[in-house]
Amino acid sequence: MTRGHWAAAGLVAAGLVAGSLSPRPPLREPIRAGGFWILAVDFHVHGFPGDGALAPWLLRDEAARAGLDAFALTNHNRVSTARAARRLFAGTPGPIVIVGQEITARGFHIAAAGLEERVDWTQGAAAAIRAVHAQGGVTIAAHPGRDYWQGWDDASVALLDGFERAHPSMTQPERAADYAAFAARAAALHPNIAAIGSSDFHTGASPGVCRTWVLARERSAAGVVAAVREGRTAAMDMAGTLYGNADVVRVISEAHLAAPTRRPLAAWSRTSSAAAVAGLLLLVLL
Amino acid sequence: MNEARVNLWRTMAMTADVELAFAPAVTFERLARARAEGRVTALAGRLLLALAVLGTGVAVSATGRVSVELVAGIALSWSFALLVQAAAAALVILPARARTVTALRAFELWFQAHVPWSLWLLLPPLYFVAAGRHAPDGAVLAAALVPVVWTALLMRAFARRVLRSPRAEIVTVVHQTVLWGLTLCYFAFAMGGWDRVLAEVGL
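Everything in this summary refers to the structure shown in the same document. Computed from a predicted structure; not experimentally measured.

### Here's the deal with the packing of aromatic side chains
Alright, step 1. Counted under the stated rule, the structure contains 15 aromatic pairs over all chains.
Alright, step 2. Seen in terms of ring centroids, A:F48 and B:F80 are 6.0 Å apart; in terms of plane orientation they differ by 35°. Their pairing is tilted. Here B:F80 lies in helix α6 (residues 80-93) and A:F48 lies in the loop between β2 (36-45) and α2 (56-65), a pairing that spans two chains.
Alright, step 3. Residue placement shows A:R32 over the ring face of A:W37; its charged tip is 4.7 Å from the ring centre.
Alright, step 4. Across from the ring centre of A:W37, 5.3 Å away, lies the NZ or CZ of A:R219, which sits over that ring.

This is the structure:
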């Protein structure tokens, strides 16, 4: 190793140490209103092993940093990672892990939460929804843009418990228009359907960047799932706009929880990350 | 021409890794002649650098921050990617009877050919911290074609100059088939299973 290599390695180490020393936000303390817990939940998160970047313990840490009280781990057509995570974190402080699955079929994607077993994705949407309900779970139409409308007939939409009203892809105007159109159709078929905000986190856009506020009778996975089933939710997009049940929207607005959820990169994180990446590039190139 | 390129990289004070990326035949030849015996510490250093690149690149892209715990956790999770690389390399290194370096040295030299993938892993997060927004997913995925092709060319030079194979193209095809076959198995698992992949392509 030359002096240059040692300097570059020092830059990497300095970045990592500085990043490790950055202040950690405290766990959010949920508030109560009218006999309900007001919980921040992300119902659509992917983890490792799967096509998500982060293993469950890192994902839970990110969820806590994002101020989430719970998240559903919804890997494609699998529940194994989510079940392992639930077992790993049982009884420990931090966001509640809800076992989920993104039922991923050609014509539709469903974020299912509150599962115990994997749901067969080869059946139609209505049959898949019934299979989730049989396990006590809830079903949410995932990113219901026009690419997926072919799988959603009126009968299956009427069976849904919720749909993603807020999703990071809404930054594309045509996607936002599609989700608004699906919302109008879903509300006509199922007036009490839950509006859901989800990050669909894989490797970008932090968990909770779009989120769901739920009014839960109990602070547990079962309490969160029941709140979706009963339509006590409001979806929040990246700009902090709320959608869904008017009463819940009013409660969230009055609780002053409707702050924008897009977290700009903090200067400290940015500097330490830049040091680590630049140091590695120097190690590789010089 | 290759010698001229090597001299250019040397003039620019670049590492042998960069020389290897841009003039693989000449550099593999030189490195194989310079030392035939492998060193465990050198190979460990190579693997550690690859893990640091992987862990840091993914950490910054996924969370916008780094910490020892985060980078180590991601590197540990995704270390199977290096195992896949090692397995595919073993398949062509171990049976190569004509090679003039030990197997350990051959692995060391192969893991020295990491520059294309290291750049692909580090440049998007560098853009993210500099610009404050992610590079478009489609562009990052499309850019992966560069290291895919580049690494195949590096393997062809490796097969010729380190493994001394008279059929370097076949060695390259075998290596790439095993490497991408294993990688596709993981993608299929991550995307919900082979049955879904087959359904998506209409089979």
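From this point, the discussion proceeds with the structure in view.
### A few points about the nonpolar core
Alright, step 1. Ranked by internal contacts, the top residues of the largest apolar core, which has 111 residues, are A:L54, A:I103, A:W152, B:F28 and B:F158.
Alright, step 2. The biggest single contributor to this core is helix α4 (residues 40-63) of chain B, with nine residues.
Alright, step 3. Residues in contact with A:L54, not counting those within four places in the same chain, are A:G47, A:F48, A:L59, A:E62, A:F201, B:A62, B:T63, B:L70 and B:I74.
Alright, step 4. Counting 20 residues, the second largest nonpolar core, distinct from the first, contains A:W37, A:A72, A:V138 and A:I196.

### Brief notes about the environment of A:L215
Residue and element names in this part refer to chain A.
Alright, step 1. Tracing the chain through its elements places L215 in strand β9 (residues 211-216).
Alright, step 2. Distance from L215 to A234, taken between C-alpha atoms, is 9.0 Å for residues 19 residues apart in sequence.
Alright, step 3. Excluding anything up to four places from it in sequence, L215 contacts F36, W37, I38, A227, R232, V248 and V251.

### Focus: helix α8 (residues 246-254) of chain A
All names here are of chain A.
Alright, step 1. Taken residue by residue, α8 has V248, V251 and I252 as its buried positions. Taken end-on, α8 shows its buried residues confined to a sector of 95°, consistent with a single buried face. More than 90 degrees from the buried face of α8, the exposed residues found are A246 and E254.
Alright, step 2. For α8, the elements touching its buried residues are β1 (31-33), β2, β9, β10 (233-236) and β11 (242-244).
Alright, step 3. Sitting at the head of α8, N245 places a side-chain oxygen 2.9 Å from the backbone nitrogen of D247.
Alright, step 4. H256, located one to two residues past α8, shows a positive phi value of around 55°.

### A closer look at the interface of chain B and chain A
Alright, step 1. On the side of chain A, 45 residues touch chain B, which itself brings 52 residues to the contact.
Alright, step 2. Around 3900 Å² of area is buried between chain B and chain A when both sides are counted, 67% of it from carbon and sulfur atoms.
Alright, step 3. Remark: the boundary between chain B and chain A carries two salt bridges.
Alright, step 4. The closest approach of N and O atoms between B:R65 and A:D61, which form a salt bridge, is 3.3 Å.
Alright, step 5. One can count nine residue pairs in polar contact (both at pLDDT 80 or more) joining chain B with chain A.
Alright, step 6. For the side of chain B that touches chain A, the elements supplying multiple residues, two or more each, are α2 (16-22), α4, α5 (68-77), α8 (115-131), α11 (168-190) and α12 (194-200) of chain B.
Alright, step 7. At eleven residues, α8(B) tops the list of elements feeding residues into the side of chain B that touches chain A.
Alright, step 8. A breakdown of the residues in the side of chain B that touches chain A according to their chemical character gives 31 nonpolar, 15 polar and six charged.

### Concerning the environment of B:F128
Alright, step 1. Note that B:F128 resides in helix α8.
Alright, step 2. For the pair formed by B:F128 and B:V60, sequence separation is 68 residues and the distance between their alpha carbons is 7.9 Å.

### Quick look at unusual backbone geometry
If a residue is not glycine, its phi is most likely negative; likewise, a peptide bond is most likely trans.
Alright, step 1. For the bond from A:F48 to A:P49, the omega torsion is 0°, close enough to zero to count as cis.
Alright, step 2. Mapped onto the elements of the fold, A:P49 is located in the loop between β2 and α2.
Alright, step 3. The phi dihedral of A:N77 is positive, around 55°, even though this residue is not glycine.
Alright, step 4. Looking at where A:N77 falls in the secondary structure, it is placed in the loop between β3 (70-73) and α3 (80-89).
Alright, step 5. In this structure, B:R164 is a non-glycine residue whose phi angle is positive, near 55°.
Alright, step 6. Topologically, B:R164 is positioned in the loop between α10 (145-161) and α11.

Cut-offs and rules
- Residues numbered from 1 in each chain as written.
- Chains lettered and ligands numbered in written order.
- Predicted model: local features only at pLDDT ≥ 70, side-chain atom pairs only at ≥ 80, totals over all residues.
- Heavy atoms only, no water.
- Phe/Tyr/Trp six-rings, centres within 6.5 Å; stacked < 30°, edge-to-face > 60°.
- Helix = DSSP H or I, 4+ residues; strand = E, 2+ residues; numbered from the N terminus.
- Lys NZ or Arg CZ within 6 Å of the ring centre and 35° of its normal.
- Core = buried A, V, L, I, M, F, W, Y, C linked by side-chain atoms within 4.5 Å.
- Buried < 20%, exposed > 50% of the residue type's maximum accessible area, 1.4 Å probe, protein only.
- Contact = heavy atoms within 4.5 Å.
- Arc of directions from axis to C-beta.
- Polar contact = N/O pair within 3.5 Å; in protein donor to acceptor, adjacent residues only side chain to side chain.
- Buried area = accessible area lost by both parts, 1.4 Å probe.
- Salt bridge = Lys/Arg side-chain N within 4 Å of Asp/Glu carboxyl O.
- Nonpolar A, V, L, I, M, F, W, Y, C, P; charged D, E, K, R; others polar.

Function cannot be read off these values alone, since they describe shape.
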